[in-house]
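Chain residues, written in single-letter form:
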Amino acid sequence: MTIDTKERYGKITRSFHWIMALLIGWQLLKFGDRIAEGEHWIGETLVPWHISIGVLLFVLIALRIIWALTQRHNRPVQDPKTAILVKGGHFLLYAAMLLMPLTGAMVMLGNGYGLTAFGVQLAAKGDEIPWVAAVGSLHSPLAWLLLIMVVGHIGMALLHHFIKRDGVMQRMV
Ligand code: HEM
Ligand code: HEM
């Protein structure tokens, strides 16, 4: 099925989920810059794509939000006992996925670095804009929060799959 149903997420939702999970995992490798100042294989081959992939993720999250709104009435039903927690958790993941590229772009623009993605210049180098840089400085603390949320989310998915064995994982694979 292309669209979502009450039993299972459809192809489009599953594609968004797994492509973006992969790209977000890639983005989190930026923490690797803290190890030997990024002078290792990951830091030299995968991390230099950070800004390009971040801009791509911004486009993907915008499309994913629009898609999720069109599907909101036919998504898998959550266990009523924990539905509020699950929906709240997924909402926070969406908020973090949107705020990461926004604050990342603010680091670049606020410090006057300009913005180039996949070789295409989106904004030229310019003057520093202190308030934009100040909001952009939330990028790093937000990245830590996102990392904690993603670890919790994967933990819950594995708990459903291996301990509860209730089919929650199957509706996303
Ligand atoms: C979902 C998207 C993104 C994720 C998950 C992400 C994640 C991260 C992480 C984990 C760090 C390292 C923070 C630290 O070591 O404390 C980082 C730093 C950085 N990111 Fe991103 N990022 C994303 C998007 C972007 C975008 C779109 C840009 C620019 C347009 C960007 C620009 C930067 C810059 C300049 C730094 C280094 C400065 C700093 O730590 O504040 N990021 N990001
Ligand atoms: C190995 C990694 C991951 C696994 C095993 C996994 C597993 C799952 C499963 C089983 C669901 C369905 C849950 C339900 O219906 O109750 C789900 C939904 C969801 N996941 Fe993940 N996930 C992973 C990574 C991620 C990442 C990195 C993000 C974003 C930062 C994310 C964001 C979401 C969101 C927002 C939903 C709600 C459905 C939607 O709107 O797309 N997931 N995930």
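Just above, that's the structure.
Residues numbered from 1 in each chain as written. Chains lettered and ligands numbered in written order. Predicted model: local features only at pLDDT ≥ 70, side-chain atom pairs only at ≥ 80, totals over all residues. Heavy atoms only, no water.

Whenever I open this one, the packing of helix H3 (residues 50-71) against helix H4 (residues 83-110) confuses me. Can you help?
Two quantities define a packed helix pair, namely the angle between the axes and the distance from one axis to the other. Contact geometry for H3 and H4: axes closest at 9 Å, N-to-C directions at 145 degrees. Note that H3 runs across H4; the crossing there is left-handed. Each of Ile51, Gly54, Phe58, Ile61, Arg64, Ile65 and Ala68 in H3 lies in contact with H4, whose residues at this interface are Tyr94, Met97, Leu98, Pro101, Leu102 and Met108. The class makeup of the residues in the contact of H3 with H4 is 11 nonpolar, one polar and one charged. (Axes fitted to C-alpha atoms, helices over the stretch in contact; angles between N-to-C directions. Helix = DSSP H or I, 4+ residues; strand = E, 2+ residues; numbered from the N terminus. Left-handed = near helix turned anticlockwise from the far one by under 90°. Contact = heavy atoms within 4.5 Å. Nonpolar A, V, L, I, M, F, W, Y, C, P; charged D, E, K, R; others polar.)

What is the right way to read helix H6 (residues 139-164) from this model?
What sets the pattern is the α-helix's 3.6 residues per turn: residues three or four places apart point alike. Taking 1.5 Å of rise per residue, the 26 residues of H6 would be expected to cover 38 Å, and the 35 Å separating its terminal C-alpha atoms lies within 8% of that figure. Three or more residues of H6 are buried, namely His139, Leu142, Ala143, Leu146 and His160. Looking at the packing, one finds that the buried side of H6 touches helix H1 (11-28), H3, H4 and helix H5 (130-136). Remark: Arg165 follows H6 within two positions and exhibits a positive phi of approximately 45 degrees. (Expected span 1.5 Å × (residues − 1). Buried < 20%, exposed > 50% of the residue type's maximum accessible area, 1.4 Å probe, protein only.)

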